[in-house]
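Residue-level structural notes
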Amino acid sequence: MAAMKKVLLAVAVAVAAFAVFSRHRFLKLKEIMLASREIPVKHLSCHYLQNIEYGAEDITILKNGLAFMSTGLKFPGLHSFSDEPGKMYVLDLLHPKPTPVELQISGELDLSSFNPHGISAYTDEADDSVYLFVVNHPHHKSQVEIFRYVEEDTLVHIKTITHPLLHSVNDIVAVGVESFYATNDRYFHSNALLLIAVYLDLTWCDVVFYSPHEVRVVADGLRSPNGINISPDKRYIYVSDIMDHDIDVFERQEGEQLRYIKSVAVGSLCDNIEVDHKTGDVWLGCHPNAMKLSSYNPEDPPGSEVLRIENIHSKQPVVSMEYADDGHVLMGSSVAAPYEGKLLIGSVFHKALYCLLK
């Protein structure tokens, strides 16, 4: 009888401990998702970009003002307004009235399942050729497409890259004609296991360096690395750890290894990263309330938030809110790309804005 009482007591203690742990993790999950957060509305002088109806999940801008956009992303757990394959667009920010033009894609690529996500551009200094790197998720797979940009509206598909280490690529930053850094935003492919990983606060995600000669993990111990980009001097790599609400700064080392420098808290779930070519300021498209993003309700839409980090390498970087909306103008901002007083704001599944900065 005494032994039975001890067993029952142990079970009761274990159940109570699990209940306390579960409540703590549930509250922590709500905190991570910013489920109770409301932000003020702060608008700029903006208008919708023509032709962009199904999101502009990522945007990258060349020094000459050409901006590339990926649209039509279908991502597990997120809303989508379109059943059509994704597309790529380009627009010239030097034009008085910049209008996105759909890029024609040639080569051996199955466009019927094209599902573009993060993108990055690389200009070969040898001949000024422009290469566009696109994360693609056909049939929920993870691969990277490399294109060469030719003429005014054409992408020529060069190759598809797959590798076991590139198992859940979210975003990339190109550092060569066929080399790049990539973020893996999840350790498990199953959404159920992904939720468990978040619930248990597992930091098993990583950043991978790819080249035709080697592929290896160069930074790990991350919760959910999302956007990635590079400083104008090519010395530093920036990674948005979206679940940590911060931007991680790494220094490139010999052999393309990354050395962790610091993290800058941003207080929001920041998606993609763009860097001002001239000032080095870091611009972020963020989700102020991820619960609204994942459980899409048109009556209570997910909002948008754009943050800027000035002097990110100083002891006291300045983080400022440059744009904020409650979802009635723009839902689910994912990227903010600046260029000489102009700003492009893209979204996961909604529209895109062309704004003038004061």
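Note that the structure is predicted; figures quoted are calculated from it, not measured.

What follows deals with the overall build of the chain. A count of helical and extended segments in the chain gives three helices and 25 strands. Looking at the chain residue by residue over its 358 residues, the buried ones come to 52%. Pairs at least 24 residues apart make up 54% of the contacts formed inside the chain by residues separated by at least 6 positions. With an accessible surface of roughly 16600 Å², the chain has 55% of that area assigned to carbon and sulfur atoms.

Glancing now at the sheet that holds strand β11 (residues 169-174). Here four strands make up an open sheet; going across it, the order is β11-β12-β13-β14 and the pairing antiparallel. Two strands close off the open sheet at either side, each with one partner strand: β11 and β14 (215-222). Strand-to-strand twist across the sheet, computed as the mean angle between neighbouring axes with direction ignored, equals 20°. Here strand β13 (residues 205-210) pairs with β14 via six bridges, running antiparallel.

What follows is about the environment of leucine 62. Looking at the secondary structure, you find leucine 62 in the loop between β2 (58-61) and β3 (66-71). Distance in space between the C-alpha atoms of leucine 62 and alanine 121 is 7.4 Å, their sequence separation being 59 residues.

A few words now on the sheet that holds strand β4 (residues 87-92). Reading across from one edge, β2-β3-β4-β5 is the order of the four strands in this open sheet, with antiparallel pairing throughout. Edge positions in the sheet fall to β2 and β5 (101-102), since each has one partner strand and no second. With four bridges joining them, β2 and β3 adopt antiparallel strand pairing. Paired with isoleucine 59 across the strands is methionine 69, a residue of β3.

Look at the UniProt record and you will see "active site" (unreviewed entry) annotated at His117. Checked against the element boundaries, histidine 117 lands in strand β7 (residues 116-124). Contacts of histidine 117, omitting those with residues within four sequence positions, involve Glu57, Asp58, Ser70, Leu73, Phe75, Val134, Val135, His137, Val169 and Asn170.

As for its position among the elements, aspartate 281 is in the loop between β19 (269-275) and β20 (282-287). Looking at aspartate 281, the relative accessible area reads 10%, which means it is buried. Within the local environment of aspartate 281, its side chain forms a polar contact with the side chain of arginine 308, the two groups lying 3.4 Å apart. Sequence-distant contacts of aspartate 281, defined by excluding residues within four places in its chain, comprise Glu274, Val275, Asp276, Arg308, Ile309, Glu310 and Asn311.

Moving on: the pairing of β4. As paired elements, β3 and β4 share six bridges and run antiparallel to each other. For methionine 69, the partnering residue across the bridge sits in β4 and is tyrosine 89. Direction of pairing for β4 relative to β5: antiparallel, over a ladder of two bridges. Looking at the pairing, valine 90 lines up with valine 101 of β5.

Moving on: the UniProt feature "binding site: Ca(2+)" (unreviewed entry) in the chain. Using the residue numbers shown here, the UniProt feature "binding site: Ca(2+)" (unreviewed entry) corresponds to Glu57, Asp58, Ile119, Asn170, Asp171, Asn226, Asp271 and Asn272. Separation in sequence by 216 residues is not matched in space for these annotated residues, since their most distant C-alpha atoms are only 12.8 Å apart. Take aspartate 58: it is sitting in strand β2. By relative accessible area, aspartate 58 is classed as buried at 0%. Locating asparagine 170 in the fold gives a position in strand β11. Other than its neighbours up to four places away in sequence, asparagine 170 contacts His117, Gly118, Val135, Thr183, Asp185, Pro225, Asn226, Gly227 and Asn272.

For the rest of this paragraph, the subject is the state of the cysteines. Here, disulfide denotes a covalent bond that connects the sulfur atoms of two cysteines. Taken as a whole and assessed by the stated rule, the structure comprises two disulfides. A disulfide bridge connects cysteine 46 with cysteine 355, and the sulfur atoms are separated by 2.1 Å. Across the S-S bond linking cysteine 46 and cysteine 355, the dihedral sits near 105°, which makes this disulfide right-handed. Here cysteine 46 is found in strand β1 (residues 45-48), whereas its partner cysteine 355 is found in strand β25 (residues 353-356), with 309 residues between them in sequence. Accessibility expressed as a relative area gives 0% for cysteine 355, which makes it buried. One disulfide in the model links cysteine 270 with cysteine 286; its S-S distance is 2.2 Å. Measuring handedness by torsion sign, the sulfur bridge of cysteine 270 and cysteine 286 sits at about 85° and is right-handed. Residue cysteine 270 is located in strand β19, and its partner cysteine 286 is located in strand β20; the two are separated by 16 residues in the primary sequence. When its relative accessible area of 1% is taken as the criterion, cysteine 270 is described as buried. Sequence-ordered numbering of the bonded cysteines in the chain gives a pairing of 1-4, 2-3.

What counts and how
Residues numbered from 1 in each chain as written. Predicted model: local features only at pLDDT ≥ 70, side-chain atom pairs only at ≥ 80, totals over all residues. Heavy atoms only, no water. Helix = DSSP H or I, 4+ residues; strand = E, 2+ residues; numbered from the N terminus. Buried < 20%, exposed > 50% of the residue type's maximum accessible area, 1.4 Å probe, protein only. Contact = heavy atoms within 4.5 Å. Areas by Shrake-Rupley, 256 points an atom, 1.4 Å probe, with all protein chains shown as cover. Pairing = 2+ DSSP bridges. Axes fitted to C-alpha atoms, helices over the stretch in contact; angles between N-to-C directions. UniProt positions renumbered as here; feature names shortened; annotations may be inferred. Polar contact = N/O pair within 3.5 Å; in protein donor to acceptor, adjacent residues only side chain to side chain. Disulfide = S-S within 2.5 Å.

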